[in-house]
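Survey of secondary and tertiary structure
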Amino acid sequence: MADKKPKATEMLPPADAQPFEQAISELEAVVRQLESSELPLEQALGLFEKGMLLSDSCRRQLTAAETRVEILMKKGEDFEAVPFDPEEE
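Please read all numbers here as calculations on a predicted model, not as lab measurements.

Considering helix α3 (residues 41-72)
Counted at 1.5 Å a residue, the expected span for α3 with its 32 residues is 46 Å, and the 46 Å between its end C-alpha atoms agrees. Listed as buried for α3 are Ala44, Leu47, Lys50, Gly51, Leu54, Ser57, Cys58 and Gln61.

Okay, structure coming up:
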C-alpha cells in the first residue's frame, strides 16, 4: 500500500499559532517556488493550498491587530476608528 502524502493543512501549525512574520516569510517562499519552477501538478496544488492557508492566517492576524489598534484608540465612550496615515508621522 502506498504512503499517503500529507495535505497542506497537515503541514501547517494551527491557524495563528505561527508568528505573522514567519507566516509571511513562508508565504513568500511558496510564491517563489510556484513562480520559478516547473512543478508537477500535485506538488503545485499542494503548495498553492499551503499558500492559501498561510494567506488566510496572515489576513486574520492583520484583522486582529487592526481591531486591537482601534480599541486602543477608543476615545471616551465613543468608539472612533482612525485610519493610519504614514504621511502624518
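Comments concerning the environment of leucine 39
Mapped onto the elements, leucine 39 comes out in the loop between α2 (20-36) and α3. Those residues in contact with leucine 39, other than ones at most four positions away along the chain, are Gln33, Leu34, Ala44 and Leu47.

A word on α2
Across its 17 residues, α2 extends 24 Å between first and last C-alpha, which sits within 8% of the 24 Å expected from 1.5 Å per residue. For α2, the complete set of buried residues consists of Ala23, Leu27 and Val30. Around the axis of α2, the buried residues are gathered within 60° of arc, so they sit on the same side. Opposite its buried face, α2 presents the exposed residues Glu21, Glu35 and Ser36, each directed more than 90 degrees away. Residues of α2 that are buried sit in contact with α3.

What counts as what
- Residues numbered from 1 in each chain as written.
- Predicted model: local features only at pLDDT ≥ 70, side-chain atom pairs only at ≥ 80, totals over all residues.
- Heavy atoms only, no water.
- Helix = DSSP H or I, 4+ residues; strand = E, 2+ residues; numbered from the N terminus.
- Expected span 1.5 Å × (residues − 1).
- Buried < 20%, exposed > 50% of the residue type's maximum accessible area, 1.4 Å probe, protein only.
- Contact = heavy atoms within 4.5 Å.
- Arc of directions from axis to C-beta.

As far as function goes, none of this settles anything; it's purely spatial.
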